[in-house]
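Letter by letter, the chains look like this.
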Amino acid sequence: MGCGVTKTSEFNRKFDKAMKAAVLIQRWYRQYAARMEVRRRYTWNIFQSMEYADLQDQIKLYNFLGYLMDNFTPSRNLISHIFRENEVCRDAEWERYFSYNNITVPDIYSGPRLTFPLDMDQAAHLVEAFKNKQQLHSRYVLQLLLETWKLLRVLPNINRVSTCHSKEITICGDLHGQLEDLLLIFYKNGMPSLEKPYVFNGDYVDRGKDSIEILLILFAFLLVFPGDVYLNRGNHEDHIINLRYGFTKEVLNKYKLHGKRILKLLQKIFSWLPLVTVIDQRVLIVHGGISDTTDLALIARVDRHRVIFKDAPFKTSQAPWLGHLGRSSRFAVDKQSLACPASASLTILDLLWSDPMSQDGCIPNEVRGGGCYWGPDVTEGFLNRHNLQLIIRSHECKQDGYEFCHNRKVLTLFSASNYYEVGSNRGAFVRLGPDLVPYFVQYQATSMTRGLSFPQNVKRTEHTALKVLREQLFVHKSDLLSAFQEIDKENTGLICLNDWASAIERVLHLDLPWRVLHPQLVSSTTDGKLDYHGWFRDLALKKPSSEHIEQTMLETLYRHRSTLETIFRIVDTDNSGLITFEDFRQTLKLLSAYLKMEISDEVINELVISTDTNNDGSIDIDEFMEAFRLVDKKLKQQ
């Protein structure tokens, strides 16, 4: 009997030891998981902060160009074409301009050959061709786009969809030129058909490399199934946004001979895309969101294709020249009439640019620079007034591809996986049946993430986010140095981490947790103090050689590189990719007025000399932008 007691005691000791080990392992894993979650969250915050800061720059440029159009006659000839004010042609005249009949398809062309009216087999063949990296001939592109334009012109502002004709409807969010995501959606869910209706909720283009292919696929299915495919407009279905975020450049690269006509026709198509879709009179689908003035009856009456966004300023806090037309005017929209262009533009801006917020109310969207933030009370009031139960919107990347808010009465849906970086987020689409209960399908389109663990995914996306952030810190070097020296009164070259973090936020305004980020951005400190001169060296970024141009000017050009490229492409009216010295001079003068800083003729001449390497008297836009690119020296040394 004593032997049995001994064995029991031994077992208990081993059991206790195993339990303590299990508790320690569990505690370690929880701490490890918490650290990984912190890294995942701040990586996400970096990506979103950088994206929204860039959007603010684009909106400020948009407002500035509109201001020049209204107030400065010399600038009108340079930029008037982007606001379509010189277009007085009737639709029949435009159809002649877009005619494809004089474009010959050579016998050696091996891509899809379209005949109209299109059928399902041709649409499916087009999908397969794009999957195999084939390109549609420009004749067929123009023909397909022209037929799409004709169809869109007879559609209302509000699509009305019913589930009674099919078991369920599929809704997709932002695709942003990522063809791989669209192909995966079709693989998982089937292609659009009479039995498989789809609603696509805008932002088909920009950022990704296959925007034109996505548009051609969606337009083809729209033509084949006009009662079963519904397309909403997104904020990226806008030609000035496209100048900055890549779609214009993509089209001109793929269709060098007829790209200008294709872009002009797409500009008209975008202006005719419907604004919202309503399913079973109960679910509203809109790209961005609503405001406290949104009214479906008014939306139905908006002359959507005549809206010019320069008539509706996005934000005034960073565009003082627009003070008398401030964003707050949204709250004074005349609900009896939308004849005023600014009122109509503001109505559409709210639909395309707005985001939900957790607190009640409706305020200007200072983060994006356009639209508004609306709260749960605004959602509740809107749904009650229109007898709706759910708002489905897109416009924001979500890590899981979708996210509910406002007591599950607002659903954000995002279909572009790996949006910021491979592994950064999943995409999703949603199915709605007659019961209108959402069923979600999530995915990641690239095979690169399938063999990676969660920590490996976090590390990969974190590396990219920090690289982008280091670049931003470097191009603000002069401003940061001034901020550090203002703190460092005794000129020791040292500041504490709290001062370092607060100074960076004052300069960059990115609303990031700099103290949390400091281990990733600061390699060493001494007694809690940072050597900020050494810190700039440790950022390990190399700038291009421009010996005769002062550091502050170089930083300005780096910092506003996207804005500069956008202005370049606006000035490049023939879309050749080349601009004359005089156009180059005018571009930099526009940039200097926009930034409210002086760029002297001497600096402009030095830039011309350093950029025109072949001495042909013109500036290649792509070569110029490549010259002003920061290089990570650490990567270069590997």
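Coordinates for the structure precede this section.
Everything numeric in this text was worked out from a predicted model, so none of it was measured.

Some words on the packing of helix H4 (residues 120-131) against helix H7 (residues 211-224)
Item 1. At their nearest, the axes of H4 and H7 sit 9 Å apart, and the two run at 170° to each other. On the basis of the axis angle, H4 is roughly antiparallel to H7. For the pair formed by H4 and H7, the contact residues are Met-120, Ala-123, Ala-124, Leu-126, Val-127 and Phe-130 on the first element and Glu-213, Leu-216, Ile-217, Ala-220, Phe-221 and Val-224 on the second.
Item 2. Of the residues belonging to the contact of H4 with H7, the class tally is 11 nonpolar, no polar and one charged.

Quick notes on a nonpolar patch on the surface
Item 1. Residues Phe-11, Phe-15 and Met-19 make up a contiguous nonpolar surface patch of roughly 330 Å² in combined accessible area.
Item 2. Relative to the helices and strands, Met-19 is located in helix H1 (residues 2-71).
Item 3. A relative accessible area of 42% places Met-19 in the partly exposed class.

With respect to the environment of Leu-481
Item 1. Relative to the helices and strands, Leu-481 resides in helix H15 (residues 477-487).
Item 2. Separated by 51 residues in the primary sequence, Leu-481 and Tyr-532 have C-alpha atoms spaced 8.0 Å apart.
Item 3. Sequence-distant contacts of Leu-481, that is, excluding residues within four places in its chain, are made with Tyr-532, His-533 and Phe-536.

A closer look at the pairing of strand E13 (residues 427-432)
Item 1. In terms of burial, E13 is a largely internal element, six of the six residues being buried.
Item 2. Neither face of E13 is open: one carries Gly-427, Phe-429 and Arg-431, the other Ala-428, Val-430 and Leu-432, and all of them are buried.
Item 3. Connecting E13 to the antiparallel partner strand E14 (residues 438-443) that follows it, the hairpin turn spans five residues, and Leu-436 within it adopts a positive phi of roughly 60°.

Points about helix H17 (residues 514-521)
Item 1. Within the sequence span of H17, burial applies to Trp-514, Leu-517, His-518 and Leu-521. Within H17, the buried residues cover an arc of 130° as seen down the axis, which keeps them to one side.

Details of the packing of helix H6 (residues 179-189) against H7
Item 1. Running from N to C, H6 and H7 cross one another at 35°; their axes reach a closest spacing of 9 Å. Along this stretch, H6 crosses H7, giving a crossing that reads as left-handed. Side by side, H6 and H7 meet where Leu-179, Leu-182 and Phe-186 of the first sit next to Glu-213, Ile-214, Ile-217, Leu-218 and Phe-221 of the second.
Item 2. The class makeup of the residues in the contact of H6 with H7 is seven nonpolar, no polar and one charged.

Focus: helix H16 (residues 497-508)
Residues that lie three or four places apart on an α-helix share one face, since the helix turns once every 3.6 residues.
Item 1. Taking 1.5 Å as the rise per residue, H16 with 12 residues should run 16 Å; its terminal C-alpha atoms sit 16 Å apart, in good agreement.
Item 2. Turning to H16, its buried residues are Leu-497, Trp-500, Ala-501, Ala-503, Ile-504, Val-507 and Leu-508. Buried residues in H16, looked at end-on, bunch into an arc of 165°, giving them a common side.
Item 3. Trailing H16 by a residue or two, His-509 shows a phi angle of about 55°, which is positive.

As for the packing of aromatic side chains
Item 1. The final tally for this structure, using the stated rule, is 20 aromatic pairs.
Item 2. Each ring, one from Trp-535 and one from Phe-536, has its centre 5.1 Å from the other, and the planes form 50°; the classification is tilted. Comparing Trp-535 with Phe-536 shows no difference in burial state: the two are buried.
Item 3. A network of ring pairs unites the aromatic residues Phe-484, Trp-500, Tyr-532, Trp-535 and Phe-536 as a single cluster.

As for the pairing of strand E6 (residues 283-286)
On a regular strand, one side chain projects to one face of the sheet and the next to the other, so that they alternate.
Item 1. What you see with E6 is no split at all: Val-283 and Ile-285 on one side and Leu-284 and Val-286 on the other are buried throughout.
Item 2. Both strand E5 (residues 276-279) and E6 contribute to a ladder of four bridges, which runs antiparallel. Residue pairing in the sheet places Thr-277 in a bridge with Ile-285 of E6.
Item 3. Hairpin connection, E5 to E6: the antiparallel pair is bridged by three residues, and Asp-280 has positive phi, about 50°.

Thoughts on the sheet that holds strand E9 (residues 372-374)
Item 1. Pairing is mixed in the open sheet, where three strands are placed in the order E7-E9-E8. With one partner strand each, in any of the chains shown, strand E7 (355-356) and strand E8 (362-364) form the two edges of the open sheet.
Item 2. Of the strand pairs in this sheet, E7 and E9 are connected by two bridges, and their pairing is parallel. The residue of E9 that forms the bridge with Asp-355 is Tyr-373.

Observations concerning the side chain of Arg-393
Item 1. Checked against the element boundaries, Arg-393 lands in strand E10 (residues 390-393).
Item 2. Given the relative accessible area of 0%, Arg-393 is considered buried.
Item 3. At a separation of 2.8 Å, a polar atom in the side chain of Arg-393 contacts the main-chain carbonyl oxygen of Gly-288.
Item 4. Aside from chain neighbours lying at most four places away, what touches Arg-393 is Asn-201, Val-286, His-287, Gly-288, Ser-354, Asp-355, Pro-356, Trp-374, Val-410, Leu-411, Thr-412 and Leu-413.

The rules behind each value
- Residues numbered from 1 in each chain as written.
- Predicted model: local features only at pLDDT ≥ 70, side-chain atom pairs only at ≥ 80, totals over all residues.
- Heavy atoms only, no water.
- Axes fitted to C-alpha atoms, helices over the stretch in contact; angles between N-to-C directions.
- Helix = DSSP H or I, 4+ residues; strand = E, 2+ residues; numbered from the N terminus.
- Parallel < 35°, antiparallel > 145°, perpendicular 65-115°, else oblique.
- Contact = heavy atoms within 4.5 Å.
- Nonpolar A, V, L, I, M, F, W, Y, C, P; charged D, E, K, R; others polar.
- Patch = residues over 30% accessible without salt bridge, like charges linked within 9 Å, V, L, I, M, F, W, Y side chains within 5 Å.
- Areas by Shrake-Rupley, 256 points an atom, 1.4 Å probe, with all protein chains shown as cover.
- Salt bridge = Lys/Arg side-chain N within 4 Å of Asp/Glu carboxyl O.
- Buried < 20%, exposed > 50% of the residue type's maximum accessible area, 1.4 Å probe, protein only.
- Pairing = 2+ DSSP bridges.
- Arc of directions from axis to C-beta.
- Left-handed = near helix turned anticlockwise from the far one by under 90°.
- Expected span 1.5 Å × (residues − 1).
- Phe/Tyr/Trp six-rings, centres within 6.5 Å; stacked < 30°, edge-to-face > 60°.
- Polar contact = N/O pair within 3.5 Å; in protein donor to acceptor, adjacent residues only side chain to side chain.

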